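Listed here are the chains, written in short residue letters.
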Amino acid sequence: ALPYVDSALAATSLVAQWMMTRKLLEHWLVWIAVDLAYVPVFASRQLYVTAVLYAVFLALAIGILIGVGFGDNVLTSTQRDLEASLTGDLEAAARR
């Protein structure tokens with residue numbers, strides 16, 4: 001068993017989850033690092049199905065990171081979505 005590695009990866013996963021709730025795009029980099037570490041850990045324990053699952057998570061994270069990127073257009077579209085949501089909420093509250 002690898003208790004220190006497993007606990008470090010679990011703690012890092014919690015950090016990535018926290019980053020995700022704060023809408024920090026860099027959380028994808030943390031997820032990629034965690035998934036890269038988890039795949040061999042699970043494979044070494046002969047948990048091959050779980051290792052394949054985390055390899056899929058890794059592929060998804062890399063694909064999303066490539067698709068999303070860190071450009072201004074992503075932040076601008078997110079900001080527009082937020083502003084549209086807030087405007088709609090304010091208009092709905094004004095009608096009440």
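Residues numbered from 1 in each chain as written. Predicted model: local features only at pLDDT ≥ 70, side-chain atom pairs only at ≥ 80, totals over all residues. Heavy atoms only, no water.

Caption draft 1: Local environment of the overall build of the protein chain. If you tally the helices and strands in the protein chain, you get four helices and zero strands. Ordered by position from the N terminus, the helices and strands of the protein chain form the series α-α-α-α. Residues counted as buried form 22% of the 96 residues belonging to the protein chain. Of all intrachain contacts in the protein chain linking residues separated by at least 6 positions in sequence, the fraction that spans at least 24 positions is 50%. Put simply, the protein chain shows about 6900 Å² of open surface, and 68% of that area lies on carbon and sulfur atoms. (Helix = DSSP H or I, 4+ residues; strand = E, 2+ residues; numbered from the N terminus. Buried < 20%, exposed > 50% of the residue type's maximum accessible area, 1.4 Å probe, protein only. Contact = heavy atoms within 4.5 Å. Areas by Shrake-Rupley, 256 points an atom, 1.4 Å probe, with all protein chains shown as cover.)

Caption draft 2: Helix H1 (residues 3–21), seen in detail. An ideal rise of 1.5 Å per residue puts 27 Å on 19 residues; H1 measures up with 27 Å between its terminal C-alpha atoms. Buried residues of H1: Leu-9, Ser-13, Ala-16 and Met-19, and no others. Looking down the long axis of H1, one finds its buried residues gathered within 115° of arc, a one-sided arrangement. Turned more than 90 degrees away from the buried face of H1, the exposed residues are Pro-3, Tyr-4 and Leu-14. Where H1 is buried, its residues contact helix H2 (27–44). Lys-23 sits one or two positions beyond H1 and adopts a positive phi of about 60°. (Expected span 1.5 Å × (residues − 1). Arc of directions from axis to C-beta.)

Caption draft 3: Quick peek at a nonpolar patch on the surface. Taken together, the side chains of Val-52, Leu-53, Val-56, Phe-57, Leu-60 and Ile-64 define a hydrophobic patch exposed on the protein surface, amounting to about 490 Å² of accessible area. Structurally, Leu-53 is set in helix H3 (residues 48–68). Judged by relative accessible area, which is 40%, Leu-53 ranks as partly exposed. (Patch = residues over 30% accessible without salt bridge, like charges linked within 9 Å, V, L, I, M, F, W, Y side chains within 5 Å. Salt bridge = Lys/Arg side-chain N within 4 Å of Asp/Glu carboxyl O.)

Caption draft 4: Just the side chain of Ser-13, in detail. Here Ser-13 is to be found in helix H1. By relative accessible area, which is 15% here, Ser-13 ends up buried. What Ser-13 contacts, discounting residues up to four positions off in sequence, is Trp-31, Val-34 and Tyr-38.

Without other data, these values stay purely geometric and don't point to any function.
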